[in-house]
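# Architecture at a glance
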Amino acid sequence: MTEIASLFHGFAVVLSPFNLLLMMIGIVLGVIIGVLPGLGGANGVAILLPLTFSMPPTSAIILLSCIYWGALFGGAITSILFNIPGEPWSVATTFDGYPMGQQGRAGEALTAAFTSSFVGALFAVLMITFIAPLVAKFALQFGPPEFFSVYLLTFCSFVGMGKGSPMKILASMMLGFALAAVGMDTVTGQLRLTFGLPDLMRGFDFLIAVIGLFGIGEILLSMEEGLAFSGSAARINPKVVIETWKKLPRYWVTSIRSTLVGCWMGITPGGATPASFMSYGMAKKMSPRGANFGKGEIEGVIAPETAAHAAGTSALLPMLALGIPGSPTAAVLLGGLLIWGLQPGPLLFVEQKDFVWGLIASMYLGNIAGLVVVLTSVPLFAAILRVPFAIIAPIIIAICAIGAYTVHNAMLDVWYMVGFGIIGYVFKKLDYPLAPLVLAVVLGDRAEDSFRQSMLLSQGSLTILWSNWLVGSISTLAMLLLLWPLLARGLQMLKDAVGGSRAAPEHRG
Amino acid sequence: MSQMDSIEAEETGIATWKVELWVALALMLLGALVAYKSWELGAGWRDDGPGPGYFPFYIGVLICAACVVILARSVVSAQRDTSVFVTTPQLKLVLTVLLPTVAFVMVVQFLGLYVGSLLFIAGFMVWVGHYGWVKSVSIGAIVAVLTFLMFEVWFKVPLFKGSLNPLGFLGY
């Protein structure tokens, strides 16, 4: 039980007045970011990252991760009150949350959403506390081939498990790798793909990509819908909270199922958004009241919120233990580690105990603080959305530009941001996913390094990825996930063939 | 098909599959360029290991391969998406944000982020939101002053002041 001792050490680190203050600031900022369209967890953290350069790393990660928790909570507010998902992972919350708000049960829906978010996050943090150190210890024996196979697994599971066209996922991801390759080659020191332009020597920073793709792109998309906010009143009083809490234990099966879905989707880089949809779909199928889903069923709020928060939190597990982020926001936090001078990877648990356990302890406290903040001050946050879009939009764009500039103090980055914004808008409309692109830009160099080192070891033979049972099983799993859409279709065809005429009327794409 | 036709009669604009075509072609060109440039750099094996173009070459090839499939699926195939990518009124709304944003970045180049943000927020509120001048300029000024305090004064992160540096007299 060394984990418990380490955890208490972490609490001791967090419980300094400065860190507690940062935690509260982070939560409040995060909820605001979650409520505003165009600002989300990933780009909100990216914009604020430069402000933390001078802070101690532990305080910085507490601030930024609390922004993330706040954003996870905040997304639910706009979904339930305004039918506008503030974050992609709260789209599924609108299905039942908004009808509940319309029926005058907004308080009940909000309480259920916040509480189940909290439950999902709590289980994910417990899992991180006990599993992440084990994974990190295990990963200490990893060499370049093992690391490359884990990268391979990450990227293959995007292609295989993602919604939408696998080829578009692949194209988007490879575009990210290509962007990452621009600039100085880390091994030979040669310039690559710069076309003789000195401005391209620095390469593309993924923080700029995140701010442009998710920030500007999102603003352009929400503008298209011609935003007119009209929402139900937000009132939560203690009586409603207590009454809703009395009801919630009835849905423990849904909670557990959604937590498991969320944790799984968070560790493998499925992310919070697909987790919330999957969990909603499963709850609808399995609940005895499934027919009422979409008309204001409390279970339809619990399921996606639990899963989204569990996934969002557990995305930090591979980031901490292996240095491989499970979501764009985790990727931005990983970028932060590099900037603060910490080397991400399994050694983090050995060399930076204060940092790691401080972060984990702040996850517990941050989520408790978040729950209290959102339950007590929903009307305040809802008021932000009543500010007209013509005021909010230019302010958000100006903040994005400032954020993009501060990353490297370069005006060119602000132009890149606008360019990424347009790409983000077009890609979103054509269903090219953005998360794999961002992760590829972040991990491109490191994935390439581990690949080249492996190739050096094996003198250019790919068989090194199957050279021992460990690397072999990870690589095989990666291939299975990559080919999963084909395998699933094959199995379905086999089933249809065996099932014969009975299964024939049912067409599956 | 009659339902399809009625939708198209209501909403005019470029069809989604045409945008798919151009995006896939652009990506493919990019992929080919990446592969070609990497090949030039040395995508093969050298004395001391894989050359600098070794990894990006395959990235370029994969982009091209993925685009061929996307083109086949969404452009050549019979199930191509003929719905409208963006309707004219929608495009106008998008441009009312995009064009001022581009203008904003150009202004920032000369006047810096603080003055640029002030002008952008005030201008956007007046021309797009139809607010009064006084209200618009004061909100722009509040945001600019707050960011100035936060970045220059509290966190000591200097922001871009523009090539003309209109705030030079403040001494930051």
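Residues numbered from 1 in each chain as written. Chains lettered and ligands numbered in written order. Predicted model: local features only at pLDDT ≥ 70, side-chain atom pairs only at ≥ 80, totals over all residues.

For chain A, the count of helices and strands is 22 helices and two strands. Taking the principal axes of the C-alpha coordinates as reference, chain A spans close to 70 × 65 × 50 Å. Out of the 509 residues belonging to chain A, those deemed buried represent 61%. Long-range pairs, those at least 24 residues apart, make up 79% of the contacts in chain A with a sequence separation of at least 6. (Helix = DSSP H or I, 4+ residues; strand = E, 2+ residues; numbered from the N terminus. Buried ≥ 20, exposed ≤ 12 C-beta atoms within 10 Å, placed from the backbone. Contact = placed C-beta atoms within 7 Å.)

In terms of helices and strands, chain B carries five helices and four strands. Along chain B, from the amino end to the carboxyl end, the secondary structure elements read α-β-α-β-β-α-β-α-α. In terms of C-alpha radius of gyration, chain B reaches 25 Å, well past the compact-globule figure of 16 Å for 172 residues. A principal-axis box enclosing the C-alpha atoms of chain B has dimensions of 65 × 60 × 25 Å. At a minimum sequence separation of 6, the contacts of chain B that also span at least 24 residues come to 62%. (Rg over C-alpha atoms; globule rule 2.2 N^0.38 Å.)

It is worth spelling out helix H4 (residues 57-82) of chain A at this point. All names here are of chain A. Between its first and last C-alpha, H4 extends 37 Å over 26 residues, near the 38 Å set by a 1.5 Å rise per residue. Judged by how many residues are buried, H4 sits mostly within the fold: 25 of 26 residues are covered. Directly beyond the C-terminal end of H4, a positive phi value near 65 degrees is found at Asn83. (Expected span 1.5 Å × (residues − 1).)

All names here are of chain B. In this structure, Leu95 sits in helix H4 (residues 88-127). Take Leu95: there are 13 C-beta atoms within 10 Å of it, and that puts it in the partly exposed class. With 51 residues separating them in the primary sequence, Leu95 and Gly44 have C-alpha atoms 46 Å apart.

Let us look at the interface of chain B and chain A. Counting residues at the interface gives 52 residues for chain B and 47 residues for chain A. Every element with two or more residues in the side of chain B that touches chain A is listed here: helix H2 (16-42), strand E3 (49-50), helix H3 (54-76), strand E4 (84-87), H4 and helix H5 (133-154) of chain B. Examining the composition of the side of chain B that touches chain A, we find that 17 residues originate from one element, H4 of chain B, more than from any other. The residue makeup of the side of chain B that touches chain A, split by class, is 41 nonpolar, eight polar and three charged. (Nonpolar A, V, L, I, M, F, W, Y, C, P; charged D, E, K, R; others polar.)

In this section: the domain arrangement of chain B. One can read the domain layout of chain B as domain 1 (2-82) and domain 2 (88-170). Computed over C-alpha atoms only, the centres of domain 1 of chain B and domain 2 of chain B are separated by 37 Å. (Domains from an automatic or database assignment.)

Here we take up the environment of Phe169 of chain B. Examined against the element boundaries, Phe169 of chain B turns out to sit in the segment after H5. Phe169 of chain B sits 46 residues away from Gly123 of chain B along the chain, and the two C-alpha atoms are 24 Å apart.

Bringing the packing of helix H9 (residues 206-224) of chain A against H4 of chain B into the picture now. It is at 8 Å that the axes of H9 of chain A and H4 of chain B come closest, and there the two elements cross at 140 degrees. Looking at the two axes, H9 of chain A sits oblique to H4 of chain B. Handedness of the crossing formed by H9 of chain A with H4 of chain B: right-handed. Seen from H9 of chain A, the contacting residues are Ile219, Leu220, Met223 and Glu224 of chain A; seen from H4 of chain B, they are Gln90, Leu93, Val94, Val97 and Leu98 of chain B. Among the residues making up the contact of H9 of chain A with H4 of chain B, the classes are represented as seven nonpolar, one polar and one charged. (Axes fitted to C-alpha atoms, helices over the stretch in contact; angles between N-to-C directions. Parallel < 35°, antiparallel > 145°, perpendicular 65-115°, else oblique. Left-handed = near helix turned anticlockwise from the far one by under 90°.)

Moving on, we get to helix H17 (residues 353-385) of chain A. Taking 1.5 Å per residue as the helical rise, H17 of chain A with its 33 residues ought to reach 48 Å, whereas the 41 Å between its terminal C-alpha atoms falls clearly short. A bend of about 75 degrees at Ser377 of chain A is the largest found in H17 of chain A, and the proline Pro379 of chain A appears one to four places after it. (Bend = angle between axes of the 7 residues up to and from the residue.)

Turning our attention to the confidence of the model for chain B. Residues and elements named next belong to chain B. This prediction gives chain B a mean pLDDT of 84; 93% of its residues lie at or above 70. Long-range and interchain partners of residues 1-9, a stretch whose pLDDT sits below 50, account for one contact in this model, where long-range means more than four residues apart. Here the prediction assigns the complex a pTM of 0.84, and the interface score ipTM is 0.89. (pLDDT = per-residue confidence, 0-100.)

With that settled, the discussion passes to the confidence of the model for chain A. All names here are of chain A. Averaged over every residue, the pLDDT of chain A is 84; residues scoring 70 or more account for 95%. Model confidence for chain A, summarised as mean pLDDT per element, is weakest for helix H12 (residues 272-286) at 81 and strongest for helix H19 (residues 411-429) at 92. Ignoring residues within four places in sequence, the model shows residues 501-509, a span with pLDDT below 50, making three contacts including any to other chains.

Below, the discussion takes up the packing of helix H3 (residues 41-48) of chain A against H9 of chain A. Residue and element names in this part refer to chain A. At a minimum axis distance of 9 Å, the contact between H3 and H9 shows a crossing angle of 135 degrees. The pairing of H3 with H9 is recorded here as oblique in orientation. Seen along the crossing, H3 lies across H9 with a hand that is left-handed. For the pair H3 and H9, contact is made by Ala42, Asn43, Ala46 and Ile47 and by Leu207, Val210, Ile211, Phe214 and Gly215, respectively. Its residues assigned to classes, the contact of H3 with H9 comprises seven nonpolar, two polar and no charged.

For the rest of this paragraph, the subject is the environment of Thr254 of chain A. Residues and elements named next belong to chain A. Along the chain, Thr254 falls in helix H11 (residues 252-267). Owing to 23 C-beta atoms within 10 Å, Thr254 belongs among the buried residues under this scheme. As for Thr254 and Ser279, which are separated by 25 residues in sequence, their C-alpha atoms are 8.6 Å apart. If we ignore the near neighbours within four places in the chain, the residues touching Thr254 are Ala283, Ser287, Glu299, Ile302 and Ala303.

On to unusual backbone geometry. Residues and elements named next belong to chain A. The backbone phi angle of Asn409 is positive, close to 50 degrees, even though this residue is not glycine. The topology assignment puts Asn409 in the loop between helix H18 (389-408) and H19. Note on Asn409: 12 C-beta atoms within 10 Å, which makes it exposed. You will see that Asp431, though not glycine, has its phi angle at about 65 degrees, which is positive. On the secondary structure map, Asp431 appears in the loop between H19 and helix H20 (435-458).

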